[in-house]
Amino acid sequence: AAETTFGIGLGKPQNWFAGVTYVNAAEGITHPFESNSNANFVPASRFSVGGFYIPKHDSFTNYLNRMVYRVGARWEHTGLEVKSQAVKDFGITFGIGLPMNVLSKINIGVEIGQMGTIDAGLIKENYTNIMLGFSLSDVWFIKRKYDYRRIMRNTLFFLMLSFGLGAIAQGDKSSCPGNLSIFAE
């Protein structure tokens, strides 16, 4: 099914953001796996609003200032009609992002919502979802200007080589490191 999305947001990088999104599925499910005379599939839509706030992303003295605080809400027509009653969904979300180091975070969220209706003898459901996520984007994925591991490896090799050649020059075969003892023969 074709889906159209409109959204707009405004914010200040690494400080705050607020946005709204509207999603519309032009047609419902046209060929369901099972048929039911009490259920119809109709066009679905969702309206969402939300945002985040980071008091001070580069604070070294206050951990709470580096946390990401999130809030959002959504209203959804699910695209399902049961006994000619539209099944609607509404949810409010709250969340925080706990900084682990420079860029990585542990994200914790809670969604409280309500789906359905009691009209025509149907069921209205109250629900709570708890979400846990990990954002592992750190310096491992940033190309370094200097490859410190290679520099250290070459420096250690140079030190071992210097030590081994120094021991050979003094005639001490026992202090030659590893494979460098072949030079002492």
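We now turn to the structure provided with this report.

Conventions used here
Residues numbered from 1 in each chain as written. Predicted model: local features only at pLDDT ≥ 70, side-chain atom pairs only at ≥ 80, totals over all residues. Heavy atoms only, no water. Helix = DSSP H or I, 4+ residues; strand = E, 2+ residues; numbered from the N terminus. Buried < 20%, exposed > 50% of the residue type's maximum accessible area, 1.4 Å probe, protein only. Contact = heavy atoms within 4.5 Å. Areas by Shrake-Rupley, 256 points an atom, 1.4 Å probe, with all protein chains shown as cover. Pairing = 2+ DSSP bridges. Salt bridge = Lys/Arg side-chain N within 4 Å of Asp/Glu carboxyl O. Phe/Tyr/Trp six-rings, centres within 6.5 Å; stacked < 30°, edge-to-face > 60°. Patch = residues over 30% accessible without salt bridge, like charges linked within 9 Å, V, L, I, M, F, W, Y side chains within 5 Å.

This part covers the overall build of the protein chain. What the protein chain contains, in helices and strands, is two helices and eight strands. Scanning the protein chain from its N terminus toward the C terminus, one meets helices and strands in the order β-β-β-β-α-β-β-β-β-α. Counting only residues that meet the buried cut, the protein chain has 19% of its 185 residues in that class. Residue pairs in contact within the protein chain that sit at least 24 positions apart in sequence constitute 42% of those at least 6 positions apart. Of the accessible surface of the protein chain, which amounts to about 13700 Å², a share of 61% is contributed by carbon and sulfur atoms.

Summarising the sheet, strand S6 (residues 85-99) and strand S7 (residues 105-116) pair through 11 bridges and their orientation is antiparallel. Directly across from Ile-92, in S7, lies its bridge partner Ile-112. Examined bridge by bridge, S7 and strand S8 (residues 124-135) share 12 bridges and lie antiparallel to one another. Paired with Val-110 across the two strands is Ile-130, which belongs to S8.

This part takes up unusual backbone geometry. If a residue is not glycine, its phi is most likely negative; likewise, a peptide bond is most likely trans. The backbone phi angle of Gln-14 is positive, close to 60°, even though this residue is not glycine. Within the secondary structure layout, Gln-14 lies in the loop between strand S1 (3-12) and strand S2 (16-25). Of note, Ser-84 is a non-glycine position whose phi angle comes to about 65°, a positive value. Assessed through its relative accessible area of 66%, Ser-84 is described here as exposed.

To continue, consider the pattern of salt bridges. Across all of its chains, the model carries three salt bridges by this definition. The salt bridge involving Asp-89 is made with Arg-74; its shortest N-O contact spans 3.2 Å. Residue Asp-89 is found in strand S6, and its partner Arg-74 is found in strand S5 (residues 68-82); the two are separated by 15 residues along the sequence. Looking at Asp-89, the relative accessible area reads 8%, which means it is buried.

Turning our eyes to something else, we now look at the packing of aromatic side chains. Enumeration according to the criterion identifies three aromatic pairs in this entry. Both rings, one in Phe-47 and one in Trp-75, keep their centres 5.7 Å apart while their planes meet at 35°; by these two values the pair is tilted. Taken together, the positions of Phe-47 in strand S4 (residues 44-53) and Trp-75 in strand S5 put the pair 28 residues apart, joining distant regions of the chain. Exposure remark for Phe-47: the relative accessible area of 36% places this residue in the partly exposed category. Judged by relative accessible area, which is 40%, Trp-75 ranks as partly exposed. Among the aromatic residues, those joined into a ring-pair cluster are Phe-47, Trp-75 and Phe-90.

Taken together, the side chains of Leu-10, Trp-16, Tyr-53, Tyr-63, Leu-64 and Tyr-69 present a nonpolar region at the surface, about 600 Å² in accessible area. A relative accessible area of 49% places Leu-64 in the partly exposed class.

Moving on: the pairing of S1. It is a general feature of regular strands that their side chains alternate between the two faces of the sheet. For S1, the buried fraction is low: zero of the 10 residues fall into the buried class. With 10 bridges connecting them, S1 and S2 associate as antiparallel partners. Pairing of Phe-6 across the sheet is with Tyr-22, part of S2. Linkage of S1 to S2, two consecutive antiparallel strands, is achieved through a turn of three residues, within which Gln-14 is found at a positive phi near 60°.

In this section: the environment of Ile-92. Along the chain, Ile-92 falls in strand S6. Given the relative accessible area of 30%, Ile-92 is considered partly exposed. Between the alpha carbons of Ile-92 and Ser-48 there is a distance of 9.8 Å; along the sequence they are 44 residues apart.

On their own, these measurements won't tell you what the molecule is for.
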